[in-house]
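# Overview (structure and organization)
Listed below, chain by chain, are the residues.
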Protein chains: 2
Amino acid sequence: MKIKVMDDILRANDAIARDNRNRLDEHGVFTINLMSSPGAGKTTLIEKTLDRLGMRCRVGVIEGDIETSRDAERLEGYGIQVIQLQTGSSCHLDANMVSQALGELDLKKLDLLIIENVGNLVCPAEFKIGEDHKVVVLSVTEGDEKPLKYPLMFRESSLLLINKMDLVEHTNFNIQEARQNALKVNPQLEIIEISCTDDQGLEEWDRWLLNRITVPSDTPTT
Amino acid sequence: MKIKVMDDILRANDAIARDNRNRLDEHGVFTINLMSSPGAGKTTLIEKTLDRLGMRCRVGVIEGDIETSRDAERLEGYGIQVIQLQTGSSCHLDANMVSQALGELDLKKLDLLIIENVGNLVCPAEFKIGEDHKVVVLSVTEGDEKPLKYPLMFRESSLLLINKMDLVEHTNFNIQEARQNALKVNPQLEIIEISCTDDQGLEEWDRWLLNRITVPSDTPTT
């Protein structure tokens, strides 16, 4: 009975996710669903991405948090379109929440939409929200075995960003082990090692995004 | 309708949690529900606790993970009672899962039971499982604003362990800010700063446990 209810919820969610995806495709907005544990560095990565790509394409952000609008406030200075979703008791974003946020955005003026999910390595992976790709951030302080312990997250994602590489020497995180564990659950997973403190790997992240974004040639980027 | 279902699930869960608590009380087993984000250091803290208190009281462990039994395997060498619960698609332990694990433990031979919940700062806080106290671990690499962003976890817990203090100088984590944020959501919360690398704060953690554990005077501790 409990499983039946869950199944219905997921099916209803997926229908709304398809609608979201169609709306975004219609306006040529490349969309990523950015997921991680709490504190893996998602918001700082978004700030870095705005610093680096903000002049080359038009970026919008949807921030998902249980409570507070601190993350959206951090992005206010960038003069971009930002929506804060407060999920209340829900530990993940679902397609309906994102659908409401899309209604508040001017999609014609976006090339890239970054949706920062609630910090949680479990439930967000179960809910499609209309994204082109799921991207998971794993910080080296969390441990190299996480892909085996939270396999759905790594199986659903197209790209793994191994973050806080500047701290790796202070931890017992083994990069080769982490890569092998991640590829064991998802052989197609792309992996980039990054640090938002010393900027390592961020050029590769820029390229990953720019290869997928369509910037209309006749549109000013500001 | 969705809310109604959730409400029923929580009520049914709480009834089983009370049964668990009664069984544990009957045998004088002090029980903690240990929660955190993935990779905050729960299993390493349990290892340290076994090293330090294993001779003074009889400790049992229930390990909750989505998949794998790696955490239980790490504890095998200690010769203690360990049960691994694999939750499958569930992102938290519930009282029924713990009830089944209790059936596999010899409660007469335990003074302290540590239940390591699934790594997740959200859902585990919603489900009572029969514990005397919830204890939340926050590592300094996760950020000092986490109590405001995940308030239920910090509101439900009796004790906050701020972990990985040996790394604090490499981060922008502000201890005073973290303490203030935690006490804002839960003024009764006790807070201990620890590191399982250089052992700081672990004596205070030992004392916190030993003050609450009843070791029968006529029972050998091995």
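Model, not experiment: these values are computed from the prediction. (Residues numbered from 1 in each chain as written. Chains lettered and ligands numbered in written order. Predicted model: local features only at pLDDT ≥ 70, side-chain atom pairs only at ≥ 80, totals over all residues. Heavy atoms only, no water.)

We now examine the overall build of chain A. The helix and strand inventory of chain A stands at eight helices and seven strands. For 222 residues, the compact-globule estimate of 2.2 N^0.38 gives 17 Å, and chain A sits close to it at 17 Å. Overall, chain A is about 50 × 45 × 35 Å in size when its C-alpha atoms are taken along their principal axes. When burial is assessed residue by residue, chain A has 55% of its 222 residues classed as buried. Across chain A, every contact between residues at least 6 apart in sequence was considered, and the portion connecting residues at least 24 apart equals 73%. (Helix = DSSP H or I, 4+ residues; strand = E, 2+ residues; numbered from the N terminus. Rg over C-alpha atoms; globule rule 2.2 N^0.38 Å. Buried < 20%, exposed > 50% of the residue type's maximum accessible area, 1.4 Å probe, protein only. Contact = heavy atoms within 4.5 Å.)

It is worth spelling out the interface of chain B and chain A at this point. Counting residues at the interface gives 33 residues for chain B and 33 residues for chain A. Summed over both partners, the interface of chain B with chain A comes to about 2,800 Å²; 58% of that surface belongs to carbon and sulfur atoms. Looking only at chain B, the three residues that lose the most surface to chain A are Pro 38, Arg 70 and Lys 149 of chain B, adding up to 21% of its buried area. If you look at where chain B meets chain A, you find four salt bridges. Scanning the region where chain B abuts chain A turns up nine residue pairs in polar contact (both at pLDDT 80 or more). Elements supplying a minimum of two residues to the side of chain B that touches chain A: α1 (2-26), α3 (70-74) and α5 (146-149) of chain B. (Buried area = accessible area lost by both parts, 1.4 Å probe. Salt bridge = Lys/Arg side-chain N within 4 Å of Asp/Glu carboxyl O. Polar contact = N/O pair within 3.5 Å; in protein donor to acceptor, adjacent residues only side chain to side chain.)

Moving on to the nonpolar core. Soluble, globular proteins show a tendency: their nonpolar side chains are buried together. In this structure, Phe 154, Leu 160 and Ile 162 of chain A together with Phe 154, Leu 160 and Ile 162 of chain B are the most contacted members of the largest nonpolar core, which totals 52 residues. Broken down by secondary-structure element, the contributors of at least two residues to this core are β5 (133-139), α6 (151-156), β6 (159-163) and α7 (175-185) of chain A together with β5 (133-139), α6 (151-156), β6 (159-163) and α7 (175-185) of chain B. (Core = buried A, V, L, I, M, F, W, Y, C linked by side-chain atoms within 4.5 Å.)

Attention now moves to helix α8 (residues 202-210) of chain B. Residues and elements named next belong to chain B. Those residues of α8 lying buried are Leu 202, Trp 205, Asp 206, Trp 208 and Leu 209. Considered in projection along α8, the buried side chains sweep an arc of 160 degrees and stay on one side of the axis. Tucked inside the fold, the buried residues of α8 contact β1 (30-36), α2 (42-53), β4 (112-116), β5, β6 and β7 (190-193). (Arc of directions from axis to C-beta.)

Residues and elements named next belong to chain A. For the pair helix α2 (residues 42-53) and helix α8 (residues 202-210), interaxial distance at closest approach is 11 Å and the crossing angle is 75 degrees. As judged from the angle between their axes, α2 and α8 are roughly perpendicular. Residue-level inspection shows Leu 45, Lys 48, Thr 49, Arg 52 and Leu 53 of α2 in contact with α8, the latter providing Leu 202, Glu 203, Trp 205, Asp 206, Leu 209 and Leu 210. Here the residues of the contact of α2 with α8 sort into six nonpolar, one polar and four charged. (Axes fitted to C-alpha atoms, helices over the stretch in contact; angles between N-to-C directions. Parallel < 35°, antiparallel > 145°, perpendicular 65-115°, else oblique. Nonpolar A, V, L, I, M, F, W, Y, C, P; charged D, E, K, R; others polar.)

What follows concerns the sheet that holds β6 of chain A. Residue and element names in this part refer to chain A. Spatially, the seven strands line up as an open sheet ordered β3-β2-β4-β1-β5-β6-β7, and their pairing is parallel. Of all the strands in the sheet, just β3 (81-86) and β7 (190-193) have a single pairing partner and so form its edges. This sheet shows a mean twist of 20 degrees between the axes of neighbouring strands, independent of strand direction. (Pairing = 2+ DSSP bridges.)

When chain B is brought onto chain A, the operation consists of a screw motion whose angular component is 180 degrees and whose axial shift is 0.0 Å, with 0.0 Å RMSD remaining. Such a combination of rotation and displacement between the chain copies is what one expects of a two-fold axis. (Least-squares fit on C-alpha atoms with pLDDT ≥ 70 in both.)

The subject of this paragraph is the pattern of salt bridges. Counted by the stated rule, this structure contains 32 salt bridges over all chains. The shortest N-O distance in the salt bridge between Lys 149 of chain B and Asp 65 of chain A comes to 3.3 Å. Of this pair, Lys 149 of chain B sits in helix α5 while Asp 65 of chain A sits in strand β2 (residues 59-65), which puts the two residues in different chains. Between Lys 149 of chain B and Asp 71 of chain A there is a salt bridge whose closest N-O contact spans 2.7 Å.

Residues and elements named next belong to chain A. Positionally, Ser 36 belongs in strand β1 (residues 30-36). We classify Ser 36 as buried; its relative accessible area is 0%. Only 2.9 Å separates the side chain of Ser 36 from the side chain of Lys 42, close enough to count as a polar contact. Excluding residues within four positions of it along the chain, Ser 36 makes contact with Lys 42, Val 118, Gly 119, Asn 120, Leu 121 and Val 137.

All names here are of chain A. According to the stated counting rule, one finds four aromatic pairs over all chains in the structure shown. Considering the side-chain rings of Trp 205 and Trp 208, the 6.1 Å spacing of their centres and the 15 degrees angle between planes classify their relative orientation as stacked. Pair noted here: Trp 205 and Trp 208 are both in helix α8, with a separation of three residues, about one helical turn. Connected via pairs of aromatic rings, a cluster forms that spans Phe 30, Trp 205 and Trp 208. The ring of Trp 208 carries Arg 212 above its face, with NZ or CZ at 4.1 Å from the centroid. (Phe/Tyr/Trp six-rings, centres within 6.5 Å; stacked < 30°, edge-to-face > 60°. Lys NZ or Arg CZ within 6 Å of the ring centre and 35° of its normal.)

To continue, consider the pairing of strand β2 (residues 59-65) of chain B. All names here are of chain B. The buried count for β2 comes to seven of seven residues, which makes it a mostly enclosed element. Burial along β2 is two-sided: Val 59, Val 61, Glu 63 and Asp 65 facing one way and Gly 60, Ile 62 and Gly 64 facing the other are all buried. Note that β2 and β4 share five bridges and pair parallel. In the strand pairing of β4, Ile 62 is matched with Ile 115. Of the strand pairs in this sheet, β2 and strand β3 (residues 81-86) are connected by six bridges, and their pairing is parallel. Residue pairing across strands places Gly 64 opposite Leu 85, the latter belonging to β3.

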